[in-house]
Structures are given as C-alpha cells and as structure tokens.
Amino acid sequence: MTETRAIADRLGETRELSLDPVFRYVRRGLLYLGLSIAAFVSIFPFYWMLVGSTNMSPDIAHGKVTPGGYLFENIATFFATVDVPRMFWNSAFIALVGVALTLIVSSLAGYGFEVFKSRFRDRIFGLMLLMLSIPFAALMVPLFIMMAGLGLINTFTAVIVPGIASIFIIFYFRQATKAFPAELRDAARIDGLNEWQIFVFVYLPVMRSTYAAAIIIVFMGNWNNYLWPLIVLQAEENKTVTLIVSSLSYAYVPDYGVIMISAVFATLPTLLIFFLLQRRFVEGLLGAVK
Amino acid sequence: MAARAIRREHINGWLFIAPALILLGIFMIYPILWSLWMSFQTGRGMSFSFGGFANIQRLMQDTVFLRALGNTMIFLVVQVPIMIVLALLFAVALNDTKLWGRAFFRTAIFLPCVTSLVAYAVLFKSMFASEGVINQALMAIGIGAIPWLTDPFWAKVLIILAITWRWTGYNMIFYLAALQNIDRAIYESARIDGVPAWARFVHLTLPMLKPVILFTTVISTIGTLQLFDEPYNLTMGGPSQATMTLSYYIYDLTFRFMPSFGYSATVSWVIVVLVGILSFAQFVIARDRRGS
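Residues numbered from 1 in each chain as written. Chains lettered and ligands numbered in written order. Predicted model: local features only at pLDDT ≥ 70, side-chain atom pairs only at ≥ 80, totals over all residues.

(A) Region of interest: the overall build of chain B. Of regular secondary structure, chain B possesses 12 helices and two strands. Counting from the amino terminus, helix and strand elements in chain B follow one another as α-β-β-α-α-α-α-α-α-α-α-α-α-α. Taken over C-alpha atoms, the radius of gyration comes to 24 Å for chain B, far larger than the 19 Å a tight globule of 292 residues would show. Taken over the C-alpha atoms alone, chain B extends approximately 80 × 70 × 35 Å along its principal axes. Counting over 292 residues, chain B shows a buried share of 40%. The long-range share in chain B, meaning contacts at least 24 apart out of those at least 6 apart in sequence, stands at 69%. (Helix = DSSP H or I, 4+ residues; strand = E, 2+ residues; numbered from the N terminus. Rg over C-alpha atoms; globule rule 2.2 N^0.38 Å. Buried ≥ 20, exposed ≤ 12 C-beta atoms within 10 Å, placed from the backbone. Contact = placed C-beta atoms within 7 Å.)

(B) Expanded view of the environment of Pro142 of chain A. Here Pro142 of chain A lies in helix 7 (residues 136-149). The residues contacting Pro142 of chain A, other than those within four sequence positions of it, are Pro31, Trp34, Ser35 and Met38 of chain B.

(C) Layout of the nonpolar core. Grouped together as the largest cluster of nonpolar side chains are 148 residues, with contacts concentrated most on Val245 and Ala263 of chain A together with Leu123, Met172, Tyr175, Leu246 and Tyr249 of chain B. A per-element tally of this core places helix 7 (residues 152-180) of chain B first, with 12 residues. Not counting the four nearest positions on each side in its chain, Tyr175 of chain B is found in contact with Ala87, Leu88, Ala91, Leu209 and Val212 of chain B. (Core = buried A, V, L, I, M, F, W, Y, C linked by C-beta atoms within 7 Å.)

(D) Local environment of helix 11 (residues 195-206) of chain A. Residues and elements named next belong to chain A. Here helix 11 contains 12 residues, and its C-alpha end-to-end distance of 15 Å stays within 8% of the 16 Å for a straight helix at 1.5 Å per residue. Within the sequence span of helix 11, burial applies to Glu195, Ile198, Phe199 and Tyr203. Projected onto a plane normal to the axis of helix 11, the buried residues spread over an arc of 95 degrees and lie on a single side. Across helix 11 from its buried face, at more than 90 degrees, point the exposed residues Val200, Phe201 and Pro205. (Expected span 1.5 Å × (residues − 1). Arc of directions from axis to C-beta.)

(E) The interface of chain A and chain B, seen in detail. On the side of chain B, 77 residues touch chain A, which itself brings 77 residues to the contact. Element by element, the count of residues in the side of chain A that touches chain B is highest for helix 2 (residues 21-52) of chain A, at 12 residues. Taken together, the residues of the side of chain A that touches chain B sort by class into 56 nonpolar, 17 polar and four charged. (Nonpolar A, V, L, I, M, F, W, Y, C, P; charged D, E, K, R; others polar.)

(F) The arrangement of unusual backbone geometry in detail. Residue and element names in this part refer to chain B. In this structure, Met236 is a non-glycine residue whose phi angle is positive, near 55 degrees. With respect to the helices and strands, the residue Met236 is situated in the loop between helix 10 (229-235) and helix 11 (246-256). Residue class for Met236 comes out partly exposed when judged on the 16 C-beta atoms lying within 10 Å of it. Of note in the backbone geometry, Ser240 takes a positive phi value of approximately 40 degrees without being a glycine. With respect to the element layout, Ser240 can be found in the loop between helix 10 and helix 11.

(G) Spatial organisation of helix 7 of chain A. Residues and elements named next belong to chain A. The terminal C-alpha atoms of helix 7, which comprises 14 residues, lie 19 Å apart, in line with the 20 Å expected from a rise of 1.5 Å per residue. Of all the bends in helix 7, the largest measures some 25 degrees and sits at Pro142. Listing the buried residues of helix 7 in full gives Ala137, Ala138, Leu139, Met140, Val141, Pro142, Leu143, Phe144 and Met147. Gly151 sits one or two positions beyond helix 7 and adopts a positive phi of about 70 degrees. (Bend = angle between axes of the 7 residues up to and from the residue.)

(H) Region of interest: the environment of Ser240 of chain B. What makes Ser240 of chain B exposed here is the crowd of 12 C-beta atoms within 10 Å. With 234 residues separating them in the primary sequence, Ser240 of chain B and Ile6 of chain B have C-alpha atoms 64 Å apart.

Shown next as structure tokens:
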C-alpha cells in the first residue's frame, strides 16, 4: 500500500528491531509483566472486599489479607444495624421501575425520531445531543426545589422520574433502529397494523437484544446512582444500598467488616449481570458510538 | 388519501416522541433555565432578590470556590491523560490475537467498571487507611507509609489513583472495539515496508482511533468536572479542602449549610460553561490535527 510506503520513506532507513529474537522475547516478557500487574491491581480490591467481609474491623484497618472467621458475625451485625430487606427492596424498586419507564419512553422516542423523519424533528434531535453535555450538577438544585414544592421529597417518584427521558438511551435506540428493516414495517402496514401495533408486535420482538443491552445500562445506572438519591431520600427507611454503604463508612467509628459486607451487597447484582451477560453488557456500552 | 396518510404520519411522528420531549422539558430544560435565572439572585432559603452580578463577584473572592475549581482542574489535567494513555496501551496489547490469556486480561481490566462509585470509594478508603494494606505493603518493600488521607497532596494522588482504577478498563473497551474495525492488511503492508512497531502505532493506529479518543476524552472531561461520589466517600473533600470539587461545593452550599440557592446555581453554571468550552476546544483541536 502506498500509504505505508510513504510512512516508511518519511522515517528513512529503519531497522525492524523486533526481528531480533532476544529483543522479541524481552518485549513479550515486559508485555506480560505489565498486563499481569494491571490485572492484579484491577482484581485486588475485589479480593480485598471478599476477604475483608470475613475479618473483624481492626484486622481490616491493619491490612490483614488472609481470610478470617468473622463472616457470620459481620453478616449478623449488618442485619442488626441495617434493615437489609428494606434497603434491597428500595434499590430494586427504584432500579426496576426506572428501567421499565425509561425503556418505554426512550425507545418510543428513539423509534419515532428514526422512523418518522422530518427536518424539524431532526433539529430537535440535534438540540438534544447538545443537551447531553448538561451536567447533572447544574440541574440538581432546581430539581430539588421543584420536588420539594411538589411535596415529593422522600418519595421514590422523585428519584425515578427525572431520569426517565434519557437522551443517551433515546440516541441508542435511534442508532439501533437504523438496522430495523423497513420492509418489515411496510409488510405490517399492508397487513393492516397501525403504527402503535407495529411498534409493539413487530419492532419490540425484533429488537429484543437492543432492549436487553439497554436494560443493563439503565439498571446499572439506577442501581449505582448516588448523588440524586442522597439529596432526595432523607428518611432512613427509604435509603438505597449505595446510601447505606456510604452512611456506614461515615460512622464515627466505622465497622469495616460490616462495610465490606455492605459493599458486597452493593456490587453483587451488577457483578452477576456482568458475568451472565458479558457480551450484551459490552455491546450496550459500545452501542451508542457505532 | 395520500394527504391523509402523510398527515397521520406527521401526527404519529410527534406522538412517539411526545412523552420524552415533555419529560425533558420539565426535568431538563426548565431546571437549567431556572438555574440560570437563579444564578443572578441573592438571598438565603426561599427569599430571593435580584443581585445582578453579585454572585459572580462573590465567586472571585470565594477561596473555597477557587480551591474547588483548582482541584477539579488538577484532576482533569492529570488524571484524564494518564487514564487515556493507559487504556490505549492495554487496548493495543490486547488486540493481539496471539496473546496468551487475552480474554482473562480483558475481563480483569474491565472488571472495575462493574462496581458502584460509592462501593469502590469505600473499599479504597479502607485499603489506603494509615495502617491499611497499601501502607503495609509499601513499608514491606521499604518505601514507607504514605499519609494518603491526611496529607493534601497525597489525598489528591489517591483520588487520581482511584478514578484511574475505576475508568481505565471502560475506555479500553471503546478502543478495543475501534481497533477491531481496522483492516489488518494495512499493518501487514506496513511491516513489509519496514515501518517499525512504534511508528505503526503513531502513524497508523492513533490517526484511525482519533474519533474514539475524542469521544472518550469528552466523556471523561464531563465526568471529571462533575466529580462527587469519590471525594465525598473517600476523602470527604479533605484534608483542608484539598479534594473539594465543584459538585461537592454545590452540594455543601445547597444541602449542608443554610441554602443559598442563587449562589450554588452560579457555581453550577461554572460547570456548564466549562463543559461547553472544553468540549468545544477538544473538537477544534481534533479537527485541526486532521487538517495538517
């Protein structure tokens, strides 16, 4: 190829060092060393969390890296200090209802923008992409005052509703809809289905892998959400898993064993999703840039 | 008949997007405009009065704000480049199909993305405690304990380490996907033409990855400007506000003390303006390089 020839010419006389076998082995060795360090650093905190949940607080504070025998004591203390089923229910409710509503509203919009083209709506879409860079920090104060005015502080409604129309998910669905065959829609029309029936009975089943990836993204976002619930949910009985983890570590004398257990609880659902649906997970992440 | 069909198509076009547009109007456009209006109001609690540029003048003399702004910029300028270079290196290394244990390394490096920000912040807090596991290890190899949580400099380093741990794998995934779309034949031909490995990376890989690098840089910039969960849970903004960020300061202004909504709206608009300027600058820089 001329392009690579040009690069070679620009560099002048060069010798391919990697042809030297000794150099190649050294380079290979350094590569594996680097990757192994990176893998170790990435995994260690997970190991630390699991081992920590079996140790008592002072041992954790002093860096004990071997498993201990305090797992059940830590779990017992955790269940005694925190209403665990309640906390789990709060997080699960917010995450799942949030997922359902976000997917309905945002997939309808993504489909609508792509299937019913108009110049005016495309301009709105362009404006929405610009809004993607509005930081949440700029919205939280007015949103808080709004929610307070509506008497919605301490309700799950206040946590869920502002996130339902997700520009990111709308964009994701619009991109995915480009691959939805127009012939299917035409055939359904000839069969006498109206646009809404086409969406529910044709589009939805065809696009289920897109929905699966979107469910993972939205679930993760809701499950891990912190700042907005921190502002809106102030009563103890409404707190989500992330809020509990945080408040445990804010204690005057933090019990690290219990904190580790709570971190396990916070991480387990997303970790499970990741390992069970790894491919979907990555597809979902990448979806929007394609 | 055709006119009616077009009309119906038009109505449906609006109906499908209406719920999203209404919600975005209420929960995004209205609040952002309201916060712009608020940023010119002074007063505490719910009693507002028009203050003109009083809040902006207050910004200039507010040492906590200036420190938060400085810290946020330090995190941005130091952390984002480190993370992107690391992510690129890992992606290029893991793109080699002959690499042994490729799937393992890829999964391992991506794994931190699965944790919630709060959970990993809390884990790091226990790992980097004064007599914690990291300091024990550092003492064992003769470096000695580092005051991670009590020294202003090291607290910043800790935040940077933590964010890098959490997000490097995330960025790597984008680069890996982009690398897989590159035609391998061009590397073959470069090898035959005698272009060494480093030059293949600089002259072939980097230019082809530029759009993805731009995308991830913009995403990381927006994320870093809003940094909150980590300083709040790992270092509590301290010691002596060394890890106070803009989002953290807005939170403090609004929810910790007697709220001054107008002033915190002004600080939040600083973030909006910074996001705008920096995203725009990154696009311009990327375009210039392409032209040359």
